[in-house]
Amino acid sequence: MSYPYQIKSLEEYNSAYKKSVEDPEGFWENIAENFTWRKKWDKVLEWNFKEPKIKWFINGKLNITENCIDRHLKTLGDQPAIIWEPNNPEERTRVVTYSRLHKRVYQFAQVLINNGVKKGDRVCIYMGMVPELAYAVLGCARIGAIHSVIFGGFSAQSIADRLYDAQAEFIVTCDGAYRGGKDIPLKSIIDDALIGNRIVKRVIVYTRTRTPISMLKGRDVWWEDEMEYAESQIEKDNIIRMPATEMDAEDPLFILYTSGSTGKPKGVVHSSAGYMVWTNYTFVNVFQYKPGDVFFCTADVGWITGHSYILYGPLSAGATSVMFEGIPTWPDAGRFWDIVDKYKVNTIYTAPTAIRSLMSYGLEPLKGKDLSSLKVLGTVGEPINEEAWHWYDENIGKGNCPIVDTWWQTETGGILISNLAGITPAKPSWATLPMPGVQPVLVDEKGNEATEPDEDGLLKGNLCIKAPWPAILRTTYGDHDRCRTNYFATYEDLYFTGDGALKNKDGYYRITGRVDDVLNVSGHRIGTAEVENAINMHAGVIESAAVGYPHDIKGQGIYAFVIYSHMHIDEEQTRKDIFQTVSRVIGAIAKPDKIQFVNGLPKTRSGKIMRRILRKIAEGETKNLGDTTTLLDPAVVDDIQKGKL
Ligand code: WTA
């Protein structure tokens, strides 16, 4: 595999960037030529941000799995596509070559067909990090079914909401999943999610943990039986290579739910061709991938990072991708470094929260681990603080590995702002420069472009993007207007990211964090409204307000102010009960770190909660709380401050 579009120097970056802005259609057409198409496009791009309507590679026909698998078979058939590291280091590793991946994917595609799945149907995937998860995702893509992967940490209620929103008729799951010392009973959670559901017709269950599970006749089938049957069919009918379904460039590839400022997660929809081109282009350029390199992205496929940089980006580039079932701290905090050593990993791509957590164990877990194979380090998901950056640089990269700080979002499909490893000079805590095709702009509240630098020479504002790149979201599932109001209506003709940023005189960007009511806890996006809805479900709770506060390891923690119906409660017990409720409604990832019981919340005369004040209190600010004169009852603020945890 060669990558003629791989940028090799800063000059090449500058000229690629310039061309991408002056002639986006010509620029992306040249790159798209490097993929396998059943039919080429008639026109490269049509767009407006008003509706929004965004179409790339119009009337092009392709199947993304042919690009991720089939086209590599001749030259890379025996090369590992996925190296799977089990949760338990004593268990056998599995190496899935491109030929094997091909076979398993078309076999599972046949299973889907046998179970009645058709192009355009929604298939919910709720599995642990096993190779079968990759087969399930790619099997869907093979026949044009729309996959919607749900992270294994979400609760039955969250799954039920997502299933309903996507009107999904099919589920692929596991009996259970191993994560560190825990077994998560995935199938039993699915069973709970399906109580009262009349839409799901089939649940395919892969055996991983052998946890006892109930299998409902007529609805639930075993993965293993289905695969065996598909294999016999394939042999009998001599279908050597089940042909992939021809997809239009703009046919939806997947839905991925993500949090916003409202109480209900949105189903972000990505299309086939644009997403493929973008994940491949950014993978090859940001990480400077060289054929034969071993790439280890530590994310879960339940999040966008896993979709784009464990599966689609690396596989479309014929890369070797490490998939890890477990967690960084089990059986000890040296696990990532064991994996790097064991597979001679060349690039590790992880979240600042993981780095901070591993930092807290000191250097002992690094002893005896050979990290000399590493060439590039990456981070994603949240701003990286300088201390963590330097720790990563010194102790993991040994000062020899460029660190790429990649800024992007579920909605952007792939990396938008990042240095290119070894090419763009890095600056700790700065995501640096936009990828070719990305035109960022910083605006003030009114949408005016920031033009006046502050005394440090920095521009400051809300981060927007002026024009579409190939992997921009196309819609939010089932509600296009929601897509418009969320991302395209705040500022005219701009995509609004929800993040704030700084820009220096070199044109480098530094992301400062969300400017909306979205929290970033351990690199996971959670809306404050979602957390509040969950807390309010608890029987005794009258009202609540959740805000973020700086947390040493998680980046942000959740601080909840709760009005409870009775005055005299056992606070500890009630806190635990509320945690339990939040775990049930959303999942353990949304559990507040602190719950303070209060008598009232600071509200304006129109009844709006002044979160700004609560945020300041949660951050530990005692004096400058800002203007409190517009409050209905300014005394509640003193009261809350007195009870601060
Ligand atoms: C934040 C994850 C600073 C940001 C890929 C964004 C970052 C949100 C960075 C998206 C970074 C992501 N520096 N902040 N390098 N990368 N973010 O959708 O606030 O889970 O809006 O996508 O994470 O989170 P999401």
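Small disclaimer: the values here were computed from a predicted structure and weren't measured. (Residues numbered from 1 in each chain as written. Predicted model: local features only at pLDDT ≥ 70, side-chain atom pairs only at ≥ 80, totals over all residues. Heavy atoms only, no water.)

Visitor: Outline the domain arrangement of the protein chain, supporting the account with residue identities and numerical values.
Guide: Domain annotation of the protein chain identifies domain 1 (66-245) and domain 2 (520-642). Inter-centroid distance (C-alpha atoms) of domain 1 to domain 2 is 39 Å. Opposite the six residues of domain 1 that make contact, domain 2 presents seven residues. Here domain 1 packs against domain 2, burying approximately 470 Å² in sum over the two surfaces, 55% of which is carbon and sulfur. Three residues, Phe154, Ser155 and Gln157, lead the burial of domain 1 against domain 2; their summed loss comes to 56% of the area buried on that side. At the surface where domain 1 touches domain 2, the tally comes to zero salt bridges. Inspection of the domain 1/domain 2 interface yields five residue pairs in polar contact (both at pLDDT 80 or more). Broken down by class, the residue content of the side of domain 1 that touches domain 2 amounts to two nonpolar, four polar and no charged. (Domains from an automatic or database assignment. Contact = heavy atoms within 4.5 Å. Buried area = accessible area lost by both parts, 1.4 Å probe. Salt bridge = Lys/Arg side-chain N within 4 Å of Asp/Glu carboxyl O. Polar contact = N/O pair within 3.5 Å; in protein donor to acceptor, adjacent residues only side chain to side chain. Nonpolar A, V, L, I, M, F, W, Y, C, P; charged D, E, K, R; others polar.)

Visitor: Quick rundown of the nonpolar core? Include the residues and the values.
Guide: Soluble, globular proteins show a tendency: their nonpolar side chains are buried together. Counting 167 residues, the largest nonpolar core has Phe57, Leu101, Ile125, Met127, Trp223 and Phe287 as its most contacted members. Setting aside residues up to four positions removed in sequence, Ile125 forms contacts with Leu133, Ala136, Val137, Cys140, His147, Ser148, Val149, Ile150 and Val172. Grouped together as the second largest cluster of nonpolar side chains are 29 residues, Phe336, Ala354, Leu358 and Leu371 included. (Core = buried A, V, L, I, M, F, W, Y, C linked by side-chain atoms within 4.5 Å. Buried < 20%, exposed > 50% of the residue type's maximum accessible area, 1.4 Å probe, protein only.)

Visitor: Residue-level account of the sheet that holds strand β5 (residues 94-97), with values.
Guide: Spatially, the seven strands line up as an open sheet ordered β5-β4-β17-β16-β18-β19-β20, and their pairing is mixed. The open sheet has two edge strands, β5 and β20 (403-406), and neither has a second partner. Geometrically, the sheet is characterised by an average inter-axis angle of 20° between neighbouring strands, direction not taken into account. Relative to β5, strand β4 (residues 80-85) is paired through four bridges, and the arrangement is antiparallel. Note that in β5 the partner of Pro80 across the bridge is Thr97. (Pairing = 2+ DSSP bridges. Helix = DSSP H or I, 4+ residues; strand = E, 2+ residues; numbered from the N terminus. Axes fitted to C-alpha atoms, helices over the stretch in contact; angles between N-to-C directions.)

Visitor: Would you mind going over the site of the ligand in detail, with residue names and values included?
Guide: Around the ligand there are 17 residues in total, and Asp405, Thr406, Thr410, Asp499 and Arg525 lie nearest to it. Here Gly381 contributes a backbone N or O atom positioned 3.1 Å from a nitrogen atom of the ligand. Contacts to the ligand include Arg514, whose side-chain N or O atom sits 2.8 Å from an oxygen atom. Burial of the ligand by the surrounding chains reaches 97%, relative to a free accessible area of 530 Å². In terms of residue class, the shell around the ligand is made up of six nonpolar, six polar and five charged. (Near = heavy atom within 4 Å. Areas by Shrake-Rupley, 256 points an atom, 1.4 Å probe, with all protein chains shown as cover.)

Visitor: Got a sec to walk through the sheet that holds strand β6 (residues 122-126)? Specific residues and values, please.
Guide: Here eight strands make up an open sheet; going across it, the order is β12-β11-β8-β6-β7-β14-β15-β23 and the pairing mixed. Looking along the sheet, the strands with just one partner apiece sit at the ends: β12 (220-222) and β23 (475-476). The strands touched by helix α11 (residues 304-316) are β7 (146-149), β14 (252-258) and β15 (266-271); relative to β14, the strand with the most contacts, the crossing angle is about 140°.

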